[in-house]
Protein chains: 4
Amino acid sequence: MQTRLEEILEKGQEKVPYGKTADYIPELGRRDPNHLGICVFTKDGKKYQAGDSQIRFTIQSISKVINLAAALEQRGFDYVFSKVGMEPSGEAFNSLVELDLTSSYPFNPMINSGAIAIASFLQPIMDFEEMLDFSRRLCMDPEITLDEAVCRSEMSHASRNRAIAYLLESKGIIENDVEKSLQLYIKLCSLSVTAESLANLGLILACGGINPVTGERLLKEDVVRVIKTIMFTCGMYDGSGTSAVYVGLPAKSGVGGGILSLADKKMGIGIYGPSLDQKGNSIAGQEMLRLLSKELKLHLFA
Amino acid sequence: MQTRLEEILEKGQEKVPYGKTADYIPELGRRDPNHLGICVFTKDGKKYQAGDSQIRFTIQSISKVINLAAALEQRGFDYVFSKVGMEPSGEAFNSLVELDLTSSYPFNPMINSGAIAIASFLQPIMDFEEMLDFSRRLCMDPEITLDEAVCRSEMSHASRNRAIAYLLESKGIIENDVEKSLQLYIKLCSLSVTAESLANLGLILACGGINPVTGERLLKEDVVRVIKTIMFTCGMYDGSGTSAVYVGLPAKSGVGGGILSLADKKMGIGIYGPSLDQKGNSIAGQEMLRLLSKELKLHLFA
Amino acid sequence: MQTRLEEILEKGQEKVPYGKTADYIPELGRRDPNHLGICVFTKDGKKYQAGDSQIRFTIQSISKVINLAAALEQRGFDYVFSKVGMEPSGEAFNSLVELDLTSSYPFNPMINSGAIAIASFLQPIMDFEEMLDFSRRLCMDPEITLDEAVCRSEMSHASRNRAIAYLLESKGIIENDVEKSLQLYIKLCSLSVTAESLANLGLILACGGINPVTGERLLKEDVVRVIKTIMFTCGMYDGSGTSAVYVGLPAKSGVGGGILSLADKKMGIGIYGPSLDQKGNSIAGQEMLRLLSKELKLHLFA
Amino acid sequence: MQTRLEEILEKGQEKVPYGKTADYIPELGRRDPNHLGICVFTKDGKKYQAGDSQIRFTIQSISKVINLAAALEQRGFDYVFSKVGMEPSGEAFNSLVELDLTSSYPFNPMINSGAIAIASFLQPIMDFEEMLDFSRRLCMDPEITLDEAVCRSEMSHASRNRAIAYLLESKGIIENDVEKSLQLYIKLCSLSVTAESLANLGLILACGGINPVTGERLLKEDVVRVIKTIMFTCGMYDGSGTSAVYVGLPAKSGVGGGILSLADKKMGIGIYGPSLDQKGNSIAGQEMLRLLSKELKLHLFA
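Rules used in this analysis
- Residues numbered from 1 in each chain as written.
- Chains lettered and ligands numbered in written order.
- Predicted model: local features only at pLDDT ≥ 70, side-chain atom pairs only at ≥ 80, totals over all residues.
- Helix = DSSP H or I, 4+ residues; strand = E, 2+ residues; numbered from the N terminus.
- Buried ≥ 20, exposed ≤ 12 C-beta atoms within 10 Å, placed from the backbone.
- Contact = placed C-beta atoms within 7 Å.
- Least-squares fit on C-alpha atoms with pLDDT ≥ 70 in both.
- Pairing = 2+ DSSP bridges.
- Axes fitted to C-alpha atoms, helices over the stretch in contact; angles between N-to-C directions.
- Nonpolar A, V, L, I, M, F, W, Y, C, P; charged D, E, K, R; others polar.
- Parallel < 35°, antiparallel > 145°, perpendicular 65-115°, else oblique.
- Left-handed = near helix turned anticlockwise from the far one by under 90°.
- Domains from an automatic or database assignment.
- Expected span 1.5 Å × (residues − 1).
- Arc of directions from axis to C-beta.

Attention now moves to the overall build of chain A. Secondary structure summary: chain A contains 13 helices and eight strands in total. Each principal axis of the C-alpha atoms in chain A carries an extent, and together these give about 55 × 40 × 35 Å. Out of the 302 residues in chain A, the part that is buried amounts to 62%. Within chain A, counting contacts between residues at least 6 apart in sequence, those at least 24 apart form 69% of the total.

Below you can see the structure in the form of structure tokens.
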């Protein structure tokens, strides 16, 4: 397995030059595009790592998974899905159009509008410290902290997300303080994780919400099933359908370069590679995930 | 003429029950829908009034005309039209979709996005007091004041306009403080005028920018030509084309129930009737304007 | 299992009154909305049926699965996906907007535009008789025929699909005869099947392309994997994401009232219930599928 | 005046290199982009010409004016505007999106969807020969003929217009034979005119529908007023608002390079210049029209 991961890493590196780091936030654009790392954590407790799996980067959209988990745990299925749908949108992650035009509420929790809506009703019941603590436990990583530089950078380039948030308010989806909701959303995006943290989280999801090391249940089984399904249909922005066909695993990407994935009941997978394709997904990360899925026959319909 | 106006008023009143007052801002919804008034001010200095032409109401979108006038006077044609287009949009006044989807800048200065963009670059050079003074002079009405109740009501129901403003910021159209820009925009919408004030403003536009009473030039001739053209093609929201055919006069409506119109080189026309049609135009006001245009053969292509 | 199916049928019947038969084609509108049937065919060769599982109805959009299978077999993965995407669209099955606005080719093969595009390049290499024969073999049902009445009815109500087809021609997606392509598409939609035929097809997909009764390979393993994935993400129109969460099985619905589904490596499932919800999916059929998935723990992430 | 026209022509020629001939129909792409001509026909019977005012070219979208005139004369205002709106669309001339998304019928008669809708109900009452005869009389040009080469070229590149036509049928706007409607529409677009023919037509419109040479009334006064208004607000595709501001005259352009314009009650103007801007309007033609309007103070709000 270790050898396999290293081979996959090598093949992934060939893809790096075809992408580039996120440029809409200066702080993200400064990352080294050549970084690439992967971590696999299997149900039987073995952990394999290759490349830059210990480098910290911001979680970005992968926090939408934690966001959704907290919301489902705290407010329940019916409440959450009265505010946000569960349909793939066919549009870019930061689209306003489909929200205003064809829908009265955000298409799903994996796009910005959906995650901001969720942050808005989480914010009065879980403050940032609690969310940080929840994230650390889910990622089995007590060293997760807020990346202040990225957070500031995002705060000062948030006008599109702010537009989305006020549009949600105008539609009655956001009922709480918009600025506080947005702040919580952005702070959660600015948590610094590693490929290993993501593999840990992936394994907990693969195990139905139980930390396999400690045996502790962190998330309800139902909640985890919903999350994995939505990751599968909506997790890779407007490349989700393509990823489902080629890779066939629940996955969630972030513009920081991370990918959280998992093979159900088998393993958690964490990837870091900040060189992105045009849809905002790690270009080498996707390739590595595809190769891993293919070689280990992990595809859901393999 | 006086008799004619009274007959027209009577016919207009028949239309009142087919509309209703604006409901998206509580303070506007409380207006008496049966109010109806008209004022005509001719170039030779005669003024005719019928019905509730002295009742104060908020100018709302008609302030977009004053907004545009100030911008063209202060910043010039090239600057203004590098920020805002001059094409009818075919969409509702508060649409975000066409802004995000098909255009990099607002379609025209008569829709919310365009007027907010204009307010954003006006705000550092003309504060509210100066804009108020400018409005009073253009309307020959020193009693125009800020309707505090409406302004507060609008401020607390501004999320859609705020979404538009932040979307404009994300596209680089708004470069100044968004909240201040929005505040100026909303305050200008909350100025209280009468049908007479609007007739006065209409006459100044009809006279190419000169106050015919004092002989003072208030606006450049070029500026006035642009304003009248844009009022003709874009002034009645997504009913502008229909109004151009049926009425054939430059006109600008507001959801407060006002209509500013004019027959070029002949007269200014001001109307108040807060019962609105589905597009946000005074339902009886449009009928009165159509009748006036027909009877006096004022249509541009009569 | 037989008892379970009958209980599920009973619970499904309670949902019938909340939907209605398709009304955009007169011939479909005339179906009895109270019909409801289900058939399950397991890998070990057992077949269970309840209700109207032998009534013939037109396959409608479920033919898109057969269409895609033929295309992938005949032209290969690369060619097919140079003409059609594999992303959920977030829009109704017969939408033109997303095709014209946001995409140069159809979002996926499960919506009308995608299936018409596929029919256009299938048509020169497989005529209707060959497609009929292919369908009969995949459904293990030699009695499948063309429902002439439905076909005529659809042909004379095809203007929206014809608009889609010519739009595809204008974009260079359709290069062959448009009318012939459309005719093939509509004929395939007009094949008469039963819930049992669909269960048979489902089982072949569940078995990776092999007819488990005869041992004959009908479809390549790769082709079947792609089909199942796309059914999972895109098969239930703009309710696909919701179905993925609630049911968690690859499924494809048709406005004739059919649902084709399967539990991978376990069983094929066929359903008939012509009372549809607003998205065009069998309202009672979905409920039955959800109950079956829940009781037998078939959800992909169960 | 003659000198002035020649100077204007010279200034217009400087703009030619910034555009290019229409490329979506091969036959149009073969026109000489350097051709440029203008003709002015004044109410007092004087005719001035400069440049290539006698070269024949296809009328293209300018036929929409004749189309609308015939429809209003034959079927009346109420019928026509129950099928087509009178609002500028803010979108390109061949857009389907706004038709499908925001509107149940075409925005106005000056875009393809509107003109095809009109052709569909004209076709049973006026055949092509009658429309040709009507066109010849309105243009005072008995030599107008069908350009067979262009017509064939358009017929074989009509898929987008055909898509629009079938979409109109699906919405119940087109009730007659779609192919015949489309054929009439395309034939009318393929009539060969000169800048002089257009100036003649312009003068008849400027004179309220009367041929000033013969004194014969060709169009009702009401019909002409509607046409001029719609030309003003919608005649220059999605550059109509800009043309209204800069030029200020009713005008209708065609991708063949023609512009029909007029100064109400004064003169008809015809222009030919096949080098087009990105919106499909003659680039040098618009410049000449702007200069003419400016120098003769023809702007509606001059």
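After that view, the rundown keeps rolling.
Before going further, it helps to spend a moment on the relation of the copies chain C and chain A. What relates the two chain copies is a rotation about an axis together with a slide along it. The two copies are related by a screw operation: chain C maps onto chain A through 180° of rotation and 0.0 Å of translation along the axis, at an RMSD of 0.0 Å. Seen this way, the second copy is the image of the first under a two-fold rotation axis. Looking at the interface residues of chain C, 100% of them are also at the interface in chain A, so both copies use one shared face.

Let's shift gears to the relation of the copies chain D and chain B. The transform that puts chain D on chain B rotates by 180° and translates by 0.0 Å along the axis, for an RMSD of 0.0 Å. Of all interface residues in chain D, 100% are interface residues in chain B too; the two copies therefore contact each other through one and the same surface.

Before going further, it helps to spend a moment on the sheet that holds strand 2 (residues 47–51) of chain D. Residue and element names in this part refer to chain D. Taken in spatial order, the five strands of this open sheet run 2-1-8-7-6, and their pairing is antiparallel. Strand pairing shows two members of the sheet lacking a second neighbour, strand 2 and strand 6 (251–253), which therefore form its edges. Mean inter-strand twist for the sheet, computed between neighbouring axes without regard to direction, equals 10°. Bridge count for strand 1 (residues 37–42) against strand 2 is five bridges, and the pairing is antiparallel. Each bridged residue has a counterpart across the sheet, and for valine 40 the counterpart in strand 2 is tyrosine 48.

Listed per partner, the contact involves 29 residues of chain D and 29 residues of chain B. Sorting elements by how many residues they give to the side of chain D that touches chain B places helix 11 (residues 221–234) of chain D first, with seven residues. The residue inventory of the side of chain D that touches chain B, partitioned by class, reads 11 nonpolar, 11 polar and seven charged.

Residue and element names in this part refer to chain B. The contact between helix 1 (residues 2–13) and helix 13 (residues 283–295) brings their axes to 8 Å, and the two run at 140°. One finds that helix 1 runs oblique with respect to helix 13. Along this stretch, helix 1 crosses helix 13, giving a crossing that reads as right-handed. In contact with Arg4, Ile8, Leu9, Lys11, Gly12 and Gln13 of helix 1, helix 13 contributes Ala284, Glu287, Met288, Leu291, Leu292 and Glu295. Per-class residue counts for the contact of helix 1 with helix 13 are six nonpolar, two polar and four charged.

This part takes up the interface of chain C and chain A. Between chain C and chain A, the contact holds 29 residues from the first and 29 residues from the second. For the side of chain C that touches chain A, the secondary-structure elements that each account for two or more residues are helix 11 (221–234) and helix 12 (240–246) of chain C. The dominant element in the side of chain C that touches chain A, judged by the number of residues it contributes, is helix 11 of chain C, at seven residues. Taken together, the residues that form the side of chain C that touches chain A break down as 11 nonpolar, 11 polar and seven charged.

A few words now on the environment of A:Ile283. Residue and element names in this part refer to chain A. One can find isoleucine 283 in helix 13 (residues 283–295). Of the residues examined, isoleucine 283 has 22 C-beta atoms within 10 Å and is grouped as buried. C-alpha of isoleucine 283 to C-alpha of glycine 12: the two residues are 271 residues apart in sequence and 8.3 Å apart in space. Beyond its immediate sequence surroundings of up to four residues, isoleucine 283 is in contact with Lys15, Val16, Tyr18, Gly19, Ser275, Leu276 and Asp277.

Residue and element names in this part refer to chain A. Look at helix 3 (residues 63–83) against helix 5 (residues 112–122): their axes get within 9 Å of each other, and the N-to-C directions meet at 80°. If you check the angle between helix 3 and helix 5, you find them roughly perpendicular. The segment helix 3 lies against helix 5, with Lys64, Asn67, Leu68, Ala70, Ala71, Gln74, Arg75, Val80 and Lys83 engaging Ala115, Ala117, Ile118, Ala119, Phe121 and Leu122. Taken together, the residues of the contact of helix 3 with helix 5 break down into 10 nonpolar, two polar and three charged.

Residues and elements named next belong to chain D. Pairing is antiparallel across the open sheet formed by three strands, whose spatial order is 3-5-4. The sheet terminates laterally at strand 3 (57–58) and strand 4 (145–146), the two strands that pair on one side only. When strand 4 meets strand 5 (residues 191–193), the two strands line up antiparallel, connected through two bridges. The partner of threonine 145 across the bridge, within strand 5, is serine 192.

Turning our attention to the domain arrangement of chain A. Frequently, the measure chosen for interface size is the accessible area removed from exposure when the parts meet. Residues and elements named next belong to chain A. Segmentation of chain A into domains returns domain 1 (2–60 + 194–295) and domain 2 (61–189). Using C-alpha coordinates to define each centre, domain 1 is positioned 20 Å away from domain 2. Where the side of domain 1 that touches domain 2 is concerned, the elements lending two or more residues are helix 2 (26–29), helix 10 (195–206), helix 11 (221–234), strand 6 (251–253) and strand 7 (258–263). The biggest single contributor to the side of domain 1 that touches domain 2 is helix 11, with seven residues. Along the lines of polarity and charge, the residues of the side of domain 1 that touches domain 2 split into 19 nonpolar, 12 polar and four charged.

Here we come to the pairing of strand 6 (residues 258–263) of chain C. Residues and elements named next belong to chain C. Among the six residues of strand 6, six are classified as buried, and the element is accordingly described as predominantly covered. The side-chain alternation of strand 6 yields two buried faces, one formed by Gly258, Leu260 and Leu262 and the other by Ile259, Ser261 and Ala263. Pairing of strand 5 (residues 251–253) with strand 6 involves three bridges; the strand directions are antiparallel. The residue of strand 6 that forms the bridge with serine 253 is isoleucine 259. The hairpin formed by strand 5 and strand 6 contains four residues between the paired strands, and glycine 257 there has a positive phi angle of roughly 110°. Of the pairings in the sheet, the one linking strand 6 to strand 7 (residues 267–272) comprises six bridges and is antiparallel in character.

Residue and element names in this part refer to chain C. Within strand 7, six of the six residues are buried, which leaves it mostly tucked inside the rest of the structure. Alternating residues of strand 7 divide into Met267, Ile269 and Ile271 and Gly268, Gly270 and Tyr272, and every residue in both groups is buried. For strand 1 (residues 37–42) and strand 7, the ladder comprises six bridges, and the chain directions are antiparallel. Directly across from threonine 42, in strand 7, lies its bridge partner methionine 267. Linking two consecutive strands that pair antiparallel, namely strand 6 and strand 7, is a turn of three residues; a positive phi of about 65° is found at lysine 265 within it.

The next subject is helix 10 (residues 195–206) of chain C. All names here are of chain C. Compared with an ideal rise of 1.5 Å per residue, which puts 12 residues at 16 Å, helix 10 spans 16 Å between its outermost C-alpha atoms and is within 8% of the ideal. Buried residues dominate helix 10, accounting for 12 of its 12 residues. Listed as buried for helix 10 are Ala195, Glu196, Ser197, Leu198, Ala199, Asn200, Leu201, Gly202, Leu203, Ile204, Leu205 and Ala206.

To continue, consider the arrangement of the chains. Chain C makes no contact with chain B, the minimum C-alpha separation between the two being 9 Å. The two units chain A and chain D are non-contacting; their minimal C-alpha-C-alpha distance is 9 Å.

Attention now goes to helix 6 (residues 128–138) of chain A. All names here are of chain A. Taken together, the buried positions of helix 6 are occupied by Met131, Phe134, Ser135 and Leu138. Projected down its long axis, helix 6 shows its buried positions confined to an angular sector of 100°, all on one face. The secondary structure elements touched by the buried residues of helix 6 are helix 3, helix 9 (178–189), strand 5 (191–193) and helix 10. Within two residues after helix 6, methionine 140 carries a phi angle of roughly 45°, on the positive side.

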